[in-house]
Amino acid sequence: MAEPLFTPEEQKKFDAGIAEIISHYPPDRKSAGMLPALRLLQELKGWLPPEGMRLVARHLEVTPERAYEVASFYVMYHLKKPGKYVIDVCTNLSCALWGAEKMLAYLEQKLGLPAGESNEMFTLRETECLASCGTAPCLQVNEEHHESLTKAKLDELLAKLT
Amino acid sequence: MASTTAFEPIISGAWGQPKSWTLEHYRKRGGYEALKKALELAPAAIIDEVKKSNLRGRGGAGFPTGLKWSFVPKDSPKPKYLAVNADESEPGTFKDRYILELDPHMMLEGIAIASYALGVHTCYIYIRGEFKFPAERTQAAINEAYAAGIFGKKMMGKDFQLDCYVVRGAGAYICGEETALLESLEGKKGWPRLKPPFPAVVGLFGCPTVVNNVETLASVPHVFSRGADWYAKLGTDKSGGTRLVCLSGTVNRPGVYEVDMNTTITQLIFDDKFGRGLPAGRKVKAVIPGGSSAPVLGADELDVALEFEALKVKQTMAGSGGVIVMDDSSCMVRCLWRVARFYAEESCGQCTPCREGTPWQTRLLRKLEEGRGEPSDLELLSNVASSIAPYPPIGLGNTICALGDAAALPTHSFLMRFRAEFEAHIHEKKCPFGDKPWGAFGDWS
Ligand SMILES: Cc1cc2nc3c(=O)[nH]c(=O)nc-3n(C[C@H](O)[C@H](O)[C@H](O)COP(=O)(O)O)c2cc1C
Ligand code: SF4
Ligand code: FES
């Protein structure tokens, strides 16, 4: 038998979270909760397993295809299990003018991972402007901003990602 | 000249003070007094005041805020909504996040005033997915506002219910476009809608909806705390108040600066209060004045005020306030290529010219930058851009939403102003800047 999607603890969080989300919308507009519901699922599981998306769809009273369509449109949803640390490096113009491409190359070499790929520990991606252009270059690790990065600061940060 | 009289920042004044984001701190500064005043007025009178203040939208288009509010039908039996645009994804723009992080109550007070004026009982603040910390700060402020009787069943004792929710996006620039934002709020992918109808009439869930930017709403309390006339006088003829500009790129002191609308780009870059110039020996080559969508300006065009009308005269735009500086050792082809790649990545794919044209621009620019370009490529690039949106003037796009224009304008303007550099790439069969295309700060260390 397949393992259940959630542990009892996760199930409780999911149920409470979904109820809260649905309460933010008119009763005939449950489906509006799709983005927050997918976020909730991803916070619990680290990604969006297909059976999780089916569950979300059932709660929001839409087809599973709809959940998948939304999930695949937005880059922050993981349709595959990512590494433990998702590193998103901004290489847009203002960051590039502060060396973002070189920083990305350094990361690729240091992690032994080309941008766009994953291993158990890391997912390394190039991303678009993170609204840190005044504190460039920057990146996010699991949605936390790290800004004004120098090689020394980046090394220090990487050392903590174990 | 901007600063003969002492300039008083009104939006960013508390940034940097300890706990500036708390209700307690905001109240000590007179916070929510403007709401108290507004609640004594009739809703229509509030809208009139905002019209008189000449407040214009800070999200990109510069649309007069009071006028937008007046488009909401008064007699509609449907509920009305306020959607706050905190998607802040236009490259070069990073001001709204500081409002959310450092002074969220200023925006919440604007939300309360707007909601009361418009008869809105539900407000959604759409915050881009990457803004975890700003969203947490905003949610904490909302909780405080509920606990203090500002949001919830009554508004400061008055029988007026307002509920306010944070909704986080999930990584899509297009969701900053107001109708894509509404689609996303409805739980769908962010495909912009054809306009008209405009959101003020048919918006969220088919109901009248006002979409306003974070900074726009944070400006609203000031219209009431010291009066519409005072607010209007801070600005220029057609544009009231102060504005936040985001300075980035090759300048010594990048950052968000609140400026008088008469402040010029030159002042912003070189003034001691602001950017403090470029690194020694470097000169400005190009400046994008309003987020990456805005047509680029050359070094001889910078004595222009960072204000909607003045920049329009230069065939560019004030946009979202993102000012990006490129120095004389940066490569214009490389810069444009990176910008073009962004729009190709973010096109939603609904309209053929945008879906096909944006990657085509990117391929051509890559070819040019890699020294494989042919003379005919410049003509072709210009034609591809024109097929998405001709220029000048701004606003001729053949597409459902303005992302098309945003993708074409950089191409047109870089080609117009820096054609010789594009030609050099073709003649020399390589990038003249070699492996240093990013200017003075491009070597990361
Ligand atoms: C492609 C595109 C992206 C946009 N992104 C944003 C954004 O991130 N934030 C924003 O406030 N407005 C953005 N806008 C402008 C909005 O469509 C809208 O004009 C604005 O939110 C209205 O608010 P305002 O009148 O207060 O400026 C964008 C527009 C386009 C075409
Ligand atoms: S212009 Fe581009 S982004 Fe806008 S609706 Fe059309 S395809 Fe989508
Ligand atoms: S360009 Fe990198 S954060 Fe804006």
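Here the residue numbers are simple positions, counted from 1 along each chain's written sequence. Chains carry letters from A onward and ligands carry numbers from 1 onward, assigned in written order. Since the coordinates come from a predicted model, pLDDT governs what is reported: local features require at least 70, and pairs of side-chain atoms require 80 or more to be given and counted, while whole-chain, interface and lining totals use all residues. Remark: hydrogens and water are excluded; side-chain values derive from all non-hydrogen atoms of the structure.

Undergrad: Can you help me understand the sheet that holds strand β6 (residues 255-259) of chain B in this one?
TA: Across a sheet, strands are paired by hydrogen bonds formed along the backbone, either parallel or antiparallel in direction. All names here are of chain B. On the basis of which strands lie adjacent, the open sheet formed by 5 strands has the order β6-β5-β9-β7-β8 and mixed pairing. The open sheet has two edge strands with one neighbour each: β6 and β8 (297-298). Examined bridge by bridge, strand β7 (residues 284-288) and β8 share 2 bridges and lie antiparallel to one another. Looking across to β8, one finds that V287 is bridged to L297. Strand pairing is assigned whenever DSSP identifies at least 2 bridges connecting the two strands. Under the scheme used here, helices are H or I runs from DSSP no shorter than 4 residues and strands are E runs no shorter than 2 residues, and both carry numbers assigned from the N terminus.

Undergrad: What exactly am I supposed to notice about the interface of chain A and chain B here?
TA: Often, the extent of an interface is quoted as the loss of accessible area upon association of its parts. On the side of chain B, 63 residues touch chain A, which itself brings 51 residues to the contact. By buried area we mean how much accessible surface two parts lose on assembly, using a 1.4 Å probe and totalling the loss over both. When chain A packs against chain B, close to 4500 Å² is buried across both sides, 57% of that on carbon and sulfur atoms. The largest contributions to the chain A side of the interface with chain B come from L93, L97 and W98 of chain A, which together make up 16% of the buried area. Every case where a carboxyl oxygen of Asp or Glu lies within 4 Å of a side-chain nitrogen of Lys or Arg is listed as a salt bridge. Counting across the interface, chain A meets chain B through 8 salt bridges. For this analysis, residues touch if any pair of their heavy atoms sits within 4.5 Å.

Undergrad: For this particular structure, what's the right way to read the sheet that holds strand β4 (residues 209-213) of chain B?
TA: Residues and elements named next belong to chain B. Reading across from one edge, β3-β2-β1-β4 is the order of the 4 strands in this open sheet, with parallel pairing throughout. Taken across any chain shown, the strands that pair with only one partner, and hence form the sheet edges, are β3 (163-168) and β4. Strand-to-strand twist across the sheet, computed as the mean angle between neighbouring axes with direction ignored, equals 20°. Here strand β1 (residues 81-86) runs beside strand β2 (residues 122-127); their pairing, made up of 6 bridges, is parallel. Counterpart to N85 in the pairing with β2 is Y126. Relative to the sheet, helix α6 (residues 104-118) contacts β1, β2 and β4, its axis offset from that of β1 by approximately 150°. The axes used here are C-alpha line fits, helices contributing only the stretch in contact, and every angle between their N-to-C directions lies in the interval 0 to 180 degrees.

Undergrad: Just checking my understanding: could you explain the environment of I388 of chain B for this structure?
TA: Residue and element names in this part refer to chain B. Tracing the sequence through the fold places I388 in helix α15 (residues 376-388). Three exposure classes are used, based on accessible area relative to the maximum for each residue type with a 1.4 Å probe and protein chains only: buried under 20%, partly exposed in between, and exposed over 50%. The exposure class assigned to I388 is buried, which follows from its relative accessible area of 0%. Between the C-alpha atom of I388 and that of L182, which follows or precedes it by 206 residues, the distance is 24 Å. Excluding anything up to four places from it in sequence, I388 contacts P353, C354, G357, T358, Q361, G397, N398, T399, G404 and A408.

Undergrad: How should the environment of S31 of chain A be read in this particular structure?
TA: One can find S31 of chain A in the loop between α1 (8-22) and α2 (34-45). In the structure, S31 of chain A is positioned 16 residues away from W47 of chain A in sequence and 20 Å away in space, judged by C-alpha atoms. Apart from the residues lying within four places of it in its own chain, the contact partners of S31 of chain A are L60, V62 and R66 of chain A together with E186 and G187 of chain B.

Undergrad: Explain the domain arrangement of chain A here, please?
TA: By convention here, the domain bounds are inherited from an automatic or database domain assignment. When cut into domains, chain A gives domain 1 (8-73) and domain 2 (85-160). Taking only C-alpha atoms into account, the centre of domain 1 of chain A sits 30 Å from that of domain 2 of chain A.

Undergrad: Can you walk me through unusual backbone geometry in this structure?
TA: Of note, the bond from A136 of chain A into P137 of chain A is cis; its omega dihedral lies within 30 degrees of zero at -10°. One can find P137 of chain A in the loop between β2 (122-127) and β3 (139-141). P196 of chain B follows K195 of chain B through a cis peptide bond whose omega is -10°. With respect to the secondary-structure elements, P196 of chain B resides in the loop between α8 (178-185) and β4.

Undergrad: I'm lost on the site of ligand 2 in this one. Help?
TA: One heavy atom within 4 Å of a molecule or strand makes the whole residue count as near it. With respect to spatial proximity, 13 residues lie near ligand 2, and among them C348, Q350, C351, C354 and C401 of chain B are the closest. Polar here means any residue other than Ala, Val, Leu, Ile, Met, Phe, Trp, Tyr, Cys and Pro, which are nonpolar, and Asp, Glu, Lys and Arg, which are charged; Gly is therefore polar. Classifying every residue of the shell around ligand 2 gives 8 nonpolar, 5 polar and no charged.

Undergrad: Help me understand the packing of α15 of chain B against helix α16 (residues 403-417) of chain B in this model?
TA: The description of two helices packed together rests on the angle between their axes and the distance between the axes. Residues and elements named next belong to chain B. At a minimum axis distance of 8 Å, the contact between α15 and α16 shows a crossing angle of 150°. Viewed along their axes, α15 and α16 adopt a mutual orientation that is roughly antiparallel. α16 is crossed by α15, and the crossing has left-handed handedness. Each of L378, L381, S382, A385, S386 and I388 in α15 lies in contact with α16, whose residues at this interface are G404, A408, T411, H412 and L415. A class-by-class count of the residues in the contact of α15 with α16 yields 6 nonpolar, 5 polar and no charged. Roughly parallel means an angle under 35 degrees; roughly antiparallel means over 145; roughly perpendicular covers 65 to 115; every other angle is labelled oblique. In a left-handed crossing the near helix is turned counterclockwise from the far helix by less than a right angle, and in a right-handed crossing that turn is clockwise.

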